[in-house]
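# Topology and contacts: notes
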Amino acid sequence: MKRDIKICGLKTEEAVDKAVALGATHIGFIFFPKSPRNIEPSDAGRLADRVRGRVKIVAVTVDADSDTLDEIVDQLSPDILQLHGKESPERVLTVKAVYGLPVMKAFSVREADDLKKVDPYIGIADRFLFDAKPPAGSELPGGNGVSFDWKLMHLLDGSVDYMLSGGLNKDNLAEAIQLTGAPGIDTSSGVESAPGVKDLGLMEAFFEAANKADDKTAVAGRGK
């Protein structure tokens with residue numbers, strides 16, 4: 001079975017349609033005013049309606065308050081809420097209870113100790129996303145185009161379901177998959193020609209790289 005692929009930070013009809021046509025399993029809309037990928041909930045809802053039922057709709061927020069989440073859920077009707085801030089396990093439980101939606105909790109990784117922060121969320125978050133820690137001076141928790149040492153993922157409990165993020169692009173995706181065996185991959189800046197501007201050609205190249213990596217994995221598996 002091929003791994004999940006999430007294209008995040010979508011803002012246009014063309015990019016949404018292309019992501020789904022290429023085989024994305026998840027598409028993400030970012031609700032964070034400081035991000036060049038920020039989108040209004042009503043606009044995200046309109047875009048999501050084009051492909052609803054064919055792909056999982058993910059609402060990405062950063063320490064959003066309840067009023068903000070209310071509006072997002074009302075306008076977008078997402079399938080998954082991605083919490084990309086410093087939300088506590090208690091906050092994750094509250095969000096799940098209030099909205100009745102699964103939660104994907106994001107963590108920034110630079111060193112081994114960063115993965116230990118996951119432990120209190122196991123059994124609470126439905127899935128995890130691992131991104132690189134932002135470079136100094138960045139106000140964005142993700143979408144910075146930087147990666148981390150993927151070998152660290154071997155320290156993670158094998159039962160943890162996650163998506164790998166952080167600087168993934170057509171050139172490094174095969175290595176990332178080979179090193180981690182990640183069940184899901186996520187990209188945003190890796191398929192952009194400029195911050196917040198999705199490049200349809202780069203999206204095609206990214207999916208081509210993903211498919212080739214999956215084919216190699218499948219052949220290797222049959223050879224065991």
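This section reports on the structure supplied with the text. (Residues numbered from 1 in each chain as written. Predicted model: local features only at pLDDT ≥ 70, side-chain atom pairs only at ≥ 80, totals over all residues. Heavy atoms only, no water.)

### Here's the deal with helix H6 (residues 173–180)
The complete set of buried residues in H6 reads Leu 173, Ala 176, Ile 177 and Thr 180. Take H6 and look down its axis: the buried residues cluster within an arc of 95°, on one side only. Looking one or two places after H6, you find Gly 181, whose phi comes out positive at around 65°. (Buried < 20%, exposed > 50% of the residue type's maximum accessible area, 1.4 Å probe, protein only. Helix = DSSP H or I, 4+ residues; strand = E, 2+ residues; numbered from the N terminus. Arc of directions from axis to C-beta.)

### Considering the packing of aromatic side chains
Counting across every chain of the model gives 6 aromatic pairs. Ring centres of Phe 107 and Phe 128 lie 5.9 Å apart, and the angle between their planes is 40°; on these two criteria the pair is classed as tilted. Here Phe 128 lies in strand E6 (residues 127–132) and Phe 107 lies in strand E5 (residues 103–109), a separation of 21 residues in the sequence. Like Phe 128, Phe 107 is buried. These aromatic residues form a ring-pair network of at least three members: Phe 107, Tyr 121, Phe 128, Phe 130 and Tyr 162. Of note, Lys 105 hangs over the ring of Phe 107, and the distance from its end group to the ring centre comes to 4.9 Å. (Phe/Tyr/Trp six-rings, centres within 6.5 Å; stacked < 30°, edge-to-face > 60°. Lys NZ or Arg CZ within 6 Å of the ring centre and 35° of its normal.)

### Observations concerning the pairing of strand E1 (residues 4–8)
Along a regular strand, successive side chains alternate from one face of the sheet to the other. By the criterion of burial, E1 is predominantly enclosed, with 4 of the 5 residues buried. Across 4 bridges, the pairing between E1 and strand E8 (residues 184–187) is parallel. Residue pairing for E8: Asp 4 is matched across the bridge by Gly 184. Of the pairings in the sheet, the one linking E1 to strand E2 (residues 26–31) comprises 3 bridges and is parallel in character. Looking at E2, one finds that Cys 8 is bridged to Gly 28. Remark: the E1/helix H1 (residues 13–22)/E2 crossover connection has right-handed handedness. (Pairing = 2+ DSSP bridges. Right-handed = clockwise from strand over helix to strand, strands pointing away.)

### Concerning unusual backbone geometry
With a phi angle near 50°, Asp 63 is a residue other than glycine that sits in the positive phi range. Here Asp 63 shows up in the loop between strand E3 (56–61) and helix H3 (66–76). Taking relative accessible area as the criterion, Asp 63 reaches 45% and is therefore assigned partly exposed. In the Ramachandran plot, Ser 77 falls in the positive-phi region, its phi being about 50° despite a non-glycine side chain. Tracing the sequence through the fold places Ser 77 in the loop between H3 and strand E4 (80–83).

### A word on the pairing of E3
The buried count for E3 comes to 5 of 6 residues, which makes it a mostly enclosed element. As paired strands, E2 and E3 are joined by 6 bridges and run parallel to one another. Across the sheet, Ile 30 pairs through a bridge with Val 60, a residue of E3. As a crossover connection, the stretch from E2 through helix H2 (residues 41–49) into E3 is right-handed. Between the parallel elements E3 and E4, the chain passes through H3 in a crossover that is right-handed.

### Examining the packing of H3 against helix H4 (residues 89–99)
When two helices pack together, their arrangement is captured by the angle between the axes and the distance separating the axes. Contact geometry for H3 and H4: axes closest at 12 Å, N-to-C directions at 40°. Of the possible angle classes, the one that applies to H3 and H4 is oblique. As H3 packs across H4, the resulting crossing turns out to be right-handed. From H3, Ser 66, Leu 69, Asp 70 and Val 73 reach across to H4, where they touch Arg 91, Val 95 and Tyr 99. Here the contact of H3 with H4 is built from residues that sort into 4 nonpolar, 1 polar and 2 charged. (Axes fitted to C-alpha atoms, helices over the stretch in contact; angles between N-to-C directions. Parallel < 35°, antiparallel > 145°, perpendicular 65-115°, else oblique. Left-handed = near helix turned anticlockwise from the far one by under 90°. Contact = heavy atoms within 4.5 Å. Nonpolar A, V, L, I, M, F, W, Y, C, P; charged D, E, K, R; others polar.)

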